[in-house]
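# Geometric and topological summary
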Amino acid sequence: MRNLARLMGCLLIVFHQGASADTSERWFSWHSLQGEFLQRHLDASQSLVSVSSGKFAVKRPSFAKWEVQEPDPQTYVIGPEGAWHLDGWLEVATFYGRSEIADSSVMTLLNTDLQQLEQRFIISETPQSLRFQARDSAAQMQTIEILIHANGYPQSLAIQTQLGQSLAVEFKELSSTLLPDSYFEFTVPPGIEIQ
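Read on for a plain summary of the structure. (Residues numbered from 1 in each chain as written. Predicted model: local features only at pLDDT ≥ 70, side-chain atom pairs only at ≥ 80, totals over all residues. Heavy atoms only, no water.)

### Notes on the overall build of the protein chain
Looking only at helices and strands, one finds four helices and 12 strands in the protein chain. Considering only residue pairs separated by 6 or more positions, the protein chain has 50% of its internal contacts joining residues 24 or more positions apart. In the structure as shown, the protein chain presents an accessible area of about 9500 Å², 50% of it carried by carbon and sulfur atoms. (Helix = DSSP H or I, 4+ residues; strand = E, 2+ residues; numbered from the N terminus. Contact = heavy atoms within 4.5 Å. Areas by Shrake-Rupley, 256 points an atom, 1.4 Å probe, with all protein chains shown as cover.)

This is the structure in structure tokens:
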């Protein structure tokens, strides 16, 4: 669950290339986005494992914050140097450098090099969605599909893992208010252990 949530946070940062003009133009039309999410984690038999909710913020091309508020507080903060994960329940913070997460997560999609993306994914689209299918059958993330509103904002997102697990995310209360870079700064709270 924690890995899927971390991967979600990473996914929301950019997606800077790969699709045809109409869908990608709408997807790239916003620079900053924030809102609320509801995510459902399903096991390989598609039985519900957990439901969580919270808020998120993205500032292209390098920043994202994914805050799970219910049922267990967790925060993921992504910046140019890498990603922090704060587990409020365990009182632990962990830092992952860009090189640590680049090949093992959706951070791959932050790459703005279309040729590199196409080496890893078969990219397709409809007027309402972008779909990324892993070329490697052993890749952790097999498919990622984003349904997109007419204004370019994400409506929902679905991730299918190599193990058959799924993460389905719905977005609501979206706003494109420009956030300062400082909004995405992470400071380890007092009493939190760093791993």
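The rest of the description comes next.
### Remarks on the nonpolar core
Judged by nonpolar contacts, the single largest core of 27 residues is most densely connected at Phe-37, Phe-56, Trp-66, Val-169 and Phe-171. If one sorts the elements of this core by residue count, strand 9 (residues 141–148) sits on top with four residues. Within the second largest apolar cluster, five residues are counted, among which are Val-77, Leu-86, Phe-186 and Ile-192. (Core = buried A, V, L, I, M, F, W, Y, C linked by side-chain atoms within 4.5 Å. Buried < 20%, exposed > 50% of the residue type's maximum accessible area, 1.4 Å probe, protein only.)

### Description of the packing of aromatic side chains
What the rule picks out here adds up to nine aromatic pairs. Taking the centre distance of 5.2 Å and the plane angle of 70° together, the rings of Phe-56 and Phe-171 count as edge-to-face. Here Phe-56, found in strand 2 (residues 48–59), pairs with Phe-171, found in strand 11 (residues 166–175); they are 115 residues apart in sequence, far enough to count as distant. Like Phe-56, the residue Phe-171 is buried in the burial classification. Relative to Phe-186, the ring of Trp-84 lies with its centre 4.9 Å away and its plane at 25°, an arrangement referred to as stacked. Residue Trp-84 is found in strand 5 (residues 82–87), and its partner Phe-186 is found in the loop between strand 11 and strand 12 (193–194); the two are separated by 102 residues along the sequence. (Phe/Tyr/Trp six-rings, centres within 6.5 Å; stacked < 30°, edge-to-face > 60°.)

### Side note on unusual backbone geometry
A cis amide bond links Glu-70 to the next residue, Pro-71, at an omega of 0°. With respect to the helices and strands, the residue Pro-71 is situated in the loop between strand 3 (63–70) and strand 4 (74–79). Positioned with a positive phi, Glu-91 is a non-glycine residue whose angle comes to about 60°. Structurally, Glu-91 can be placed in the loop between strand 5 and strand 6 (92–97). Even without a glycine there, the phi angle at Glu-173 is positive, about 55°. A residue is classified by how much of its surface remains accessible, and Glu-173, at 60% relative accessible area, is exposed.

### Side note on the side chain of Ser-129
On the secondary structure map, Ser-129 appears in strand 8 (residues 129–134). At 2.9 Å, the side chain of Ser-129 and the side chain of Thr-126 are in polar contact. (Polar contact = N/O pair within 3.5 Å; in protein donor to acceptor, adjacent residues only side chain to side chain.)

### Points about the sheet that holds strand 8
Sheet architecture is open: 12 strands sit in the order 7-8-9-10-11-1-2-3-4-5-6-12, paired in mixed fashion. Edge strands, defined here as strands with exactly one partner in the open sheet, are strand 7 (121–126) and strand 12. One ladder, built from seven bridges, connects strand 2 with strand 3; its direction is antiparallel. By the bridge assignment for strand 3, Val-58 is matched with Ala-64. (Pairing = 2+ DSSP bridges.)

### A few points about the pattern of salt bridges
Enumeration over the complete set of coordinates arrives at three salt bridges. The salt bridge involving Arg-40 is made with Glu-170; its shortest N-O contact spans 2.9 Å. With a gap of 130 residues between them, Arg-40 in strand 1 (residues 32–42) and Glu-170 in strand 11 connect regions that are remote in the sequence. Exposure remark for Arg-40: the relative accessible area of 29% places this residue in the partly exposed category. Overall, the relative accessible area of 40% leaves Glu-170 in the partly exposed class. The salt bridge partner of Glu-145 is Arg-131, with a shortest N-O separation of 3.5 Å. Placement of Glu-145 in strand 9 and of Arg-131 in strand 8 is noted, with a sequence separation of 14 residues between them. Of the residues examined, Arg-131 reaches a relative accessible area of 31% and is grouped as partly exposed. (Salt bridge = Lys/Arg side-chain N within 4 Å of Asp/Glu carboxyl O.)

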